Amino acid sequence: QVQLVESGGGLVQPGGSLRLSCAASGSIFNINGMGWYRQAPGKQRELVAVITNGGSTNFVDSVKGRFTISRDNAKNTLYLQMNSLKPEDTAVYYCTLDMVVGGKAVRYWGQGTQVTVSS
């Protein structure tokens, strides 16, 4: 079993910053990549950022230049640094871990952490 626990969410004013963390534990192997998704009220869940096992990153256009994604492989921890936050960034943010298990791709999800950007 794999567990993902997010932390670091909260209330921040527009223009502020937050850093989300996602600690992975359990039987972790054959990692393809990790990522962050978010879901705002009344909207579909969307991919925010991903980082491959090789370290390549990709971001949704709306956060490019403001968010960075990184991993500490020694700690099995994923980070999302969010700067210049906007009210439209308000959402529940979910961490994901993609692994190959028994020849099949498996995605694990965290429980989510709330980010609210408001004055």
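Read on for a plain summary of the structure. None of the values given here were measured: they were computed from a predicted structure.

## Examining the pairing of strand 3 (residues 18–26)
Where strand 1 (residues 2–7) meets strand 3, six bridges bridge the pair, whose relative direction is antiparallel. Looking at the pairing, Glu6 lines up with Cys22 of strand 3. As paired elements, strand 3 and strand 8 (residues 77–82) share six bridges and run antiparallel to each other. Each residue of the ladder has a partner; that of Leu20, found in strand 8, is Leu80.

## A word on the side chain of Glu6
Mapped onto the elements, Glu6 comes out in strand 1. Despite being buried, Glu6 has no salt bridge partner; Arg45 is the closest side chain of opposite charge, sitting 8.1 Å away. There is a polar contact of 3.0 Å between the side chain of Glu6 and the backbone nitrogen of Gln111. Discounting residues that sit within four places of it in the chain, Glu6 has contacts with Ser21, Cys22, Trp36, Tyr93, Tyr94, Cys95, Gly110, Gln111, Gly112 and Thr113.

## Examining the pairing of strand 7 (residues 67–72)
With six bridges connecting them, strand 7 and strand 8 associate as antiparallel partners. Each residue of the ladder has a partner; that of Thr68, found in strand 8, is Gln81. The hairpin formed by strand 7 and strand 8 contains four residues between the paired strands, and Asn76 there has a positive phi angle of roughly 50°.

The rules behind these values
- Residue numbers here run from 1 along each chain, matching the order of that chain's written sequence.
- With pLDDT at 70 or above as the cut-off, local features in this predicted model cover only qualifying residues; side-chain atom pairs require 80 or more to be listed or tallied, and sums for whole chains, interfaces and linings still use all residues.
- In computing side-chain values, all of the structure's heavy atoms are included and hydrogens and water are not.
- Note on pairing: two strands pair once DSSP finds at least 2 bridges between them.
- Strands here mean DSSP runs of E at least two residues long; helices mean DSSP runs of H or I at least four residues long; both are numbered from the N terminus.
- We call a residue buried when its accessible area falls under 20% of the maximum for its residue type, exposed when it is over 50%, and partly exposed in between, using a 1.4 Å probe and counting protein chains only.
- Residues scored as positive are Lys and Arg, those scored as negative are Asp and Glu, and His as well as the terminal groups of each chain are ignored.
- The rule for a salt bridge is simple: a side-chain nitrogen of Lys or Arg has to be within 4 Å of a carboxyl oxygen of Asp or Glu.
- Under the rule applied, a polar contact is a pair of N or O atoms within 3.5 Å (in protein, one hydrogen donor and one hydrogen acceptor; residues adjacent in sequence only if both atoms are side-chain atoms).
- In this description, contact between two residues means that some pair of their heavy atoms is separated by no more than 4.5 Å.

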